[in-house]
Amino acid sequence: MKIRKSLGMAVLLICTAALAAGCEKNEPASSGETKAAVESAAATESEEKMTFTLQYYPDVDSETPSEKTTEAVYGEETPILSVEELGFTKEGYGFLGWREMREVDGKWYVQDAKGKKDWIEVKDGKLPKGYSYVLRQDGDKVTTAAKKGIVRLYAEWGIVYTIQYYPDVDSETPSDIVTTAVSGIWTPTETIEHLGFAQDGKKFVGWRVYRESDEKWSVISPEDKNVWTVLEDGDLPEGYKYHYREDGGKLLNPTTKGIVRMYAEWE
């Protein structure tokens, strides 16, 4: 009788343990666990939807984009197509960069005078005072331009001009070496040494700069401002002085077309 009773108790204990294990295994998830799972699934679904499309326009006034587009994922680096890949050109102009606008809120990517970048609305096609467009370059990558919709990239172009170099201010014959530049892009100029210019016993002072488009010289006004002016009978207006450029310095936008002449001055 004792043996049977012991066996019965053992069987009862084994069954109880098995039932407990089964109950523990099949216990429904708590409300907190269910909520976390739902939120995780929603986050995954949301991330999958955070994509946008890059459209490319041949110039800032164009209304028709290229047939080529780029699909981008928000938060991931996506390379911009180059103007060469898109086949965009503009005769007499050089590429400056891409203006960027997102359709989701109609805002443009800009920077203020201190270089702080932001997305803002542009009213009547004019930027607020002190702002300029951030120009994306070929090879740049976009990351967080938009979470959905279309981002437009408009190609901006600058006029191509030629820089000629003269050995002194009285010379009428320039060097055979010239520089082709794009207005709006900082362009290094040639050096005296590379041009082979020299004056026995004299020291190079700087470059006088003249543009043929309106026959004006780069000068400093009596108010100490950098301006352009015409000469009066070969002389500067009273109170003005030439704005000399240093050897190998850079020019940004000295003209809207044609030729810019640089005259070496010595003393």
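Residues numbered from 1 in each chain as written. Predicted model: local features only at pLDDT ≥ 70, side-chain atom pairs only at ≥ 80, totals over all residues. Heavy atoms only, no water.

Draft legend 1. Structural view of the layout of surface pockets. There is about 280 Å³ of room inside the largest pocket. The wall of the largest pocket is formed by L96, R99, S132, Y133, L135, Q137, E156, G184, I185, W186, L252 and N253. Mapped onto the lining of the largest pocket, the elements with two or more residues apiece are strand 4 (93-102) and strand 7 (132-133). (1 Å grid on protein atoms, 1.4 Å probe; cavity = no way out; pocket = protein on both sides within 12 Å on 5 of 7 lines; lining within 4 Å. Points joined across faces, edges and corners; volume = space filled by probe spheres on them. Helix = DSSP H or I, 4+ residues; strand = E, 2+ residues; numbered from the N terminus.)

Draft legend 2. Expanded view of the packing of aromatic side chains. Taken as a whole and assessed by the stated rule, the structure comprises 17 aromatic pairs. Pairing W108 with Y154 gives two aromatic rings, centres 5.6 Å apart and planes at 35 degrees, and the pair type is tilted. Here W108 is found in strand 5 (residues 107-111), whereas its partner Y154 is found in strand 9 (residues 150-166), with 46 residues between them in sequence. Like Y154, W108 is buried. Between W217 and Y242 the ring centres are 5.6 Å apart and the planes differ by 70 degrees, which places this aromatic pair in the edge-to-face class. (Phe/Tyr/Trp six-rings, centres within 6.5 Å; stacked < 30°, edge-to-face > 60°. Buried < 20%, exposed > 50% of the residue type's maximum accessible area, 1.4 Å probe, protein only.)

Draft legend 3. Representation of the environment of T187. Here T187 shows up in strand 11 (residues 187-188). A relative accessible area of 10% means that T187 is categorised as buried. Here the alpha-carbon distance between T187 and I163, two residues 24 residues apart in the chain, equals 10.0 Å. Those residues in contact with T187 that lie beyond four places of it in its chain are T179, A181, V182, G249, K250 and L251. (Contact = heavy atoms within 4.5 Å.)

Draft legend 4. Fine view of the nonpolar core. By size, the foremost hydrophobic cluster in this structure holds 21 residues, and its most contacted members are F52, L54, Y56, F88 and W98. Top contributing element to this core by residue count: strand 9, with four residues. Setting aside its immediate chain neighbours within four residues, Y56 contacts P65, S66, K68, T69, T70, P79, I80, L81, L86, F88, W98 and L153. Formed by 14 residues, the second largest nonpolar core is a distinct cluster that contains I163, A181, I192 and V260. (Core = buried A, V, L, I, M, F, W, Y, C linked by side-chain atoms within 4.5 Å.)

Draft legend 5. Summary view of the pattern of salt bridges. In the structure shown here, the tally under the stated rule is eight salt bridges. The shortest N-O distance in the salt bridge between E103 and R152 comes to 2.8 Å. One end of the pair, E103, is in the loop between strand 4 and strand 5; the other, R152, is in strand 9, and 49 residues separate them in sequence. E103 gets classed as partly exposed once you look at its relative accessible area, which sits at 34%. The closest approach of N and O atoms between R208 and E265, which form a salt bridge, is 2.5 Å. Separated by 57 residues along the polypeptide, R208 in strand 12 (residues 204-211) and E265 in strand 17 (residues 259-266) bring together distant segments of the chain. (Salt bridge = Lys/Arg side-chain N within 4 Å of Asp/Glu carboxyl O.)

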